[in-house]
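Structural characterization, general
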There are 2 protein chains.
Amino acid sequence: MDKQQTIECPVCPVEYTVNMVGGKYKLVILHKLAIHGVKRFNELRREFPNITQRTLTRQLRELESDGLISRQVYSEIPPKVEYSLSETGKSLYPILLQIENWGLNYIANNPK
Amino acid sequence: MDKQQTIECPVCPVEYTVNMVGGKYKLVILHKLAIHGVKRFNELRREFPNITQRTLTRQLRELESDGLISRQVYSEIPPKVEYSLSETGKSLYPILLQIENWGLNYIANNPK
DNA sequence: ATATGTAGTATCCTAAAGGATACCATTAAA
DNA sequence: TTTAATGGTATCCTTTAGGATACTACATAT
């Protein structure tokens, strides 16, 4: 039987989460996928006109390897690759919506 | 009377929020302040043993100029400066808690 | 007289993130 | 036959965030 031990969180859970969603585009990508469901690579590119292909690819790969999104490749020509939230990614849904709402509120109350 | 117009969000609210809380330590700082209330500068330093004084100062200044935290200076010697969430910062409370909870869950379900 | 604690600044440097550009294979359409 | 569209990679470069280190003023404690 395990000896009971004090829970000394080895890594702060907030820090942990931030490390996964803390890229310049990650939360925005996740939010788009949350809203629209499945998206192809070039659809995402068009959503973010300023992102470079290389950066988008990398952010997607990182999100994928962290288990937040799924990448579905179809063996077609021209290529077709679909991105969507994984189950874990979907668990971010409430956070994504709250972040959006908070932003809307902040913008509304801070006229510039 | 205003003409009704399509809401073409000039800046994505998610992006907007991310720009404000998207530093390496910002969300963690906000979370600490949310949990503990008022914190002095060196108390925060001790919470994050790895942060440099310069970086902590900058993150705090940015949070302050974005209106998320308040900085209370006492005219004493040695100096005493207290940081706490502003009203706007407090409106992040639910998000901060959800982020923490999400992290706890993720860690629990992804044994490593 | 020296050390300690406060809340910083100033200067310089490194590492990481992201941007720019060119290139690839394959097919279908013009 | 050139062009376009797909979903990328490969190289190189720039910008930025953050780290390292030294320094400050002032008062109190030793």
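See the structure printed just above.
Residues numbered from 1 in each chain as written. Chains lettered and ligands numbered in written order. Predicted model: local features only at pLDDT ≥ 70, side-chain atom pairs only at ≥ 80, totals over all residues. Heavy atoms only, no water.

A short note on the protein's contact with DNA strand C
Around DNA strand C sit 23 residues, and of these Lys24, Gln59 and Ile77 of chain A together with Gln53 and Arg71 of chain B come closest. For DNA strand C, the backbone makes up 69% of the atoms found within 4 Å of the protein, where backbone means sugar plus phosphate. The side chain of arginine 40 of chain B places a nitrogen or oxygen atom 2.9 Å from a phosphate oxygen of DNA strand C. Of all elements in the fold, only helix H4 (53-65) of chain A together with helix H3 (41-47), helix H4 (53-65) and strand S3 (80-85) of chain B reach the threshold of two or more residues within the surface near DNA strand C. Looking at the surface near DNA strand C residue by residue, the classes come out as seven nonpolar, seven polar and nine charged. (Near = heavy atom within 4 Å. Polar contact = N/O pair within 3.5 Å; in protein donor to acceptor, adjacent residues only side chain to side chain. Helix = DSSP H or I, 4+ residues; strand = E, 2+ residues; numbered from the N terminus. Nonpolar A, V, L, I, M, F, W, Y, C, P; charged D, E, K, R; others polar.)

Description of the protein's contact with DNA strand D
Neighbouring DNA strand D are 24 residues, the closest being Gln53 and Arg71 of chain A together with Lys24, Gln59 and Ile77 of chain B. When atoms of DNA strand D within 4 Å of the protein are split into backbone and base, the sugar-phosphate part holds 69%. At 2.3 Å from a phosphate oxygen of DNA strand D is found a side-chain nitrogen or oxygen belonging to arginine 71 of chain A. Between DNA strand D and tyrosine 25 of chain B, the relevant distance is 2.9 Å, taken from a phosphate oxygen to a side-chain nitrogen or oxygen of the residue. Counting residues per element, the ones that place at least two in the surface near DNA strand D are helix H3 (41-47), H4 and strand S3 (80-85) of chain A together with H4 of chain B. For the surface near DNA strand D, the per-class residue count stands at seven nonpolar, eight polar and nine charged.

A word on the pairing of strand S2 (residues 69-74) of chain B
Residue and element names in this part refer to chain B. Summarising the sheet, S2 and S3 pair through six bridges and their orientation is antiparallel. If you follow glutamine 72 over to S3, its bridge partner there is glutamate 82. If you look at the hairpin formed by S2 and S3, you'll find five residues sitting between the two strands. (Pairing = 2+ DSSP bridges.)

Some words on the sheet that holds strand S2 (residues 69-74) of chain A
All names here are of chain A. On the basis of which strands lie adjacent, the open sheet formed by three strands has the order S1-S3-S2 and antiparallel pairing. The open sheet has two free edges, formed respectively by strand S1 (39-40) and S2, since each of these has just one partner strand. Against the sheet, helix H2 (residues 26-36) contacts S1, S2 and S3, and its axis sits at roughly 90 degrees relative to S3. The strands that H4 touches are S2 and S3; relative to S2, the one it contacts most, it runs at about 115 degrees. (Contact = heavy atoms within 4.5 Å. Axes fitted to C-alpha atoms, helices over the stretch in contact; angles between N-to-C directions.)

What to know about the pattern of salt bridges
Applying the stated rule across the entire model yields twelve salt bridges over all chains. A salt bridge links arginine 58 of chain A to glutamate 62 of chain A; the shortest N-O distance between them is 3.8 Å. Of this pair, arginine 58 of chain A and glutamate 62 of chain A both sit in helix H4, four residues apart, which is roughly one turn of that helix. For lysine 80 of chain B, the salt bridge goes to glutamate 82 of chain B, with nearest N and O atoms at 3.9 Å. Taking the relative accessible area as the measure of exposure, lysine 80 of chain B reaches 21% and is therefore partly exposed. Here the salt bridges share partners, and the residues they tie into one network are Lys26, Arg58 and Glu62 of chain A. (Salt bridge = Lys/Arg side-chain N within 4 Å of Asp/Glu carboxyl O. Buried < 20%, exposed > 50% of the residue type's maximum accessible area, 1.4 Å probe, protein only.)

Notes on the nonpolar core
Of all hydrophobic cores here, the largest spans 60 residues; its most connected members are Leu30 of chain A together with Leu30 of chain B. The contacts of leucine 30 of chain A, once residues within four sequence positions are left out, are Val21, Leu63, Leu68, Ile69, Leu85, Leu92 and Leu96 of chain A. (Core = buried A, V, L, I, M, F, W, Y, C linked by side-chain atoms within 4.5 Å.)

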